[in-house]
Amino acid sequence: MGETDGAATQPRKRRGSARERLLAAAARRFYADGVSATGIDTITAEAGVAKMSLYNNFSSKADLVMAYLDARHEEWLGLYRARLAAVGDGRGGVLAVFDAYADHAAFAYERGFRGCGLLNAAAELPAGHEGRDVVRRHKEDVEALIAGHLEELLPGQPEKAGAMAERLAFLLEGAMARAGLESAGTRVDHARTMAANLLDQL
């Protein structure tokens, strides 16, 4: 086989690798339509790849769902780290968590903002599903980040910092739930203001 023959057999990369396109398509469809309502054919058609490509990259739809949940967590962490880079103290760190959620709410979603994509997916998964563990860990990580920043504001008072972190995490989750129902991030903005007021009282 000559060099030109070899080049002709190389697959053309269109909008990234097949795995990246499949994951991006799954993210759009899972968020807009739900995990259960989204079939493999829908995802492969939107990604512009053959069905076999999906199984070359993911062992099953369940595997794709897990990859989606992991990617959603990493996406949020990226938003949080970008916000955190612009602040210099514990107060700013706590508010960076709220800002990262507000940034997520501000994305141009196909059918509008529907709340936390991780919680939406978890609500569709049966009890004991490993995907629910991924979502639980994400929420625990968020609360731990808040607690870490509060410990800067409350040195030597880890119990108080932990209790306040739980309160702020509940405030954030409640705001996200209402924001999802209202298809707007306004509630998250209000929750950030409430959080800032609580921090000013420490």
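None of the values given here were measured: they were computed from a predicted structure. (Residues numbered from 1 in each chain as written. Predicted model: local features only at pLDDT ≥ 70, side-chain atom pairs only at ≥ 80, totals over all residues. Heavy atoms only, no water.)

(A) Just the overall build of the protein chain, in detail. Helices and strands together make up the secondary structure of the protein chain, namely 10 helices and zero strands. For the protein chain, the α and β elements follow one another from N to C terminus as α-α-α-α-α-α-α-α-α-α. Across the 202 residues that make up the protein chain, the buried fraction comes to 41%. The centroid of the 25 positive side-chain charges in the protein chain is displaced by 5 Å from the centroid of its 28 negative side-chain charges. (Helix = DSSP H or I, 4+ residues; strand = E, 2+ residues; numbered from the N terminus. Buried < 20%, exposed > 50% of the residue type's maximum accessible area, 1.4 Å probe, protein only. Lys, Arg positive; Asp, Glu negative; His and termini not counted. Charge placed at Lys NZ, Arg CZ, Asp CG, Glu CD.)

(B) Geometry of the packing of aromatic side chains. Evaluated as defined, the whole model comprises six aromatic pairs. With a centroid separation of 5.3 Å and 70° between ring planes, the pair formed by F30 and Y68 is classed as edge-to-face. Here the residue F30 occupies a position in helix α2 (residues 18–33), and Y68 occupies one in helix α5 (residues 61–84), the gap between them amounting to 38 residues. In this structure, F30 and Y68 share a single accessibility class: buried. Put simply, the rings of Y31, F107, Y109 and F113 touch in pairs and so form one group of aromatic residues. (Phe/Tyr/Trp six-rings, centres within 6.5 Å; stacked < 30°, edge-to-face > 60°.)

(C) Geometry of the nonpolar core. Counting residues in hydrophobic clusters, the biggest one holds 59 residues, and the most contacted among them are L69, L150 and L168. Per element, the largest residue contribution to this core is 10 residues, and it comes from α5. Both of domain 1 (16–58) and domain 2 (61–200) provide at least three residues apiece to this core. Here L69 is in contact with L118, A121, L125, G131, V134 and V135, once residues within four sequence places are set aside. (Core = buried A, V, L, I, M, F, W, Y, C linked by side-chain atoms within 4.5 Å. Domains from an automatic or database assignment. Contact = heavy atoms within 4.5 Å.)

(D) Quick look at the domain arrangement of the protein chain. Under the domain assignment, the protein chain is made up of domain 1 (16–58) and domain 2 (61–200). Inter-centroid distance (C-alpha atoms) of domain 1 to domain 2 is 26 Å. At the interface, 20 residues of domain 1 touch 19 residues of domain 2. Summed over both sides, the interface between domain 1 and domain 2 buries roughly 1600 Å², with carbon and sulfur atoms accounting for 64% of that surface. Per-residue buried area on domain 1 facing domain 2 is highest for Y31, V35 and F58; these three make up 44% of the total on that side. Taken together, domain 1 and domain 2 are joined by two salt bridges. For the salt bridge of D33 with R111, the shortest nitrogen-to-oxygen distance reads 2.4 Å. Counting only elements with at least two residues in the side of domain 1 that touches domain 2, the list comes to α2, α3 (40–47) and α4 (51–57). Examining the composition of the side of domain 1 that touches domain 2, we find that 10 residues originate from one element, α2, more than from any other. (Buried area = accessible area lost by both parts, 1.4 Å probe. Salt bridge = Lys/Arg side-chain N within 4 Å of Asp/Glu carboxyl O.)

(E) Representation of the pattern of salt bridges. All told, the structure shown has 16 salt bridges when counted by the stated rule. In this structure, the salt-bridge partner of R29 is E110, at a minimum N-O distance of 2.9 Å. Taken together, the residues span a long stretch of sequence, with R29 in helix α2 and E110 in the loop between α6 (90–105) and α7 (117–124) at a distance of 81 residues. Taking the relative accessible area as the measure of exposure, R29 reaches 5% and is therefore buried. A relative accessible area of 53% places E110 in the exposed class. The residue R136 makes a salt bridge to E140 at a minimum N-O spacing of 3.1 Å.

(F) Broad picture of the UniProt feature "DNA-binding region" (unreviewed entry) in the protein chain. As annotated by UniProt and renumbered to match this structure, "DNA-binding region" (unreviewed entry) occupies residues 39–58. In residues 39–58, helix accounts for 75% and strand for 0%; the two terminal C-alpha atoms are 14 Å from one another. (UniProt positions renumbered as here; feature names shortened; annotations may be inferred.)

(G) Spotlight on the UniProt feature "domain: HTH tetR-type" (unreviewed entry) in the protein chain. Residues given the UniProt feature "domain: HTH tetR-type" (unreviewed entry) here are residues 16–76. Between the end C-alpha atoms of residues 16–76 there is a gap of 21 Å, over a span that is 77% helix and 0% strand.

(H) Just unusual backbone geometry, in detail. The phi dihedral of S183 falls on the positive side, at around 55°, and the residue is not glycine. Mapping S183 onto the fold places it in the loop between α9 (158–182) and α10 (186–200).

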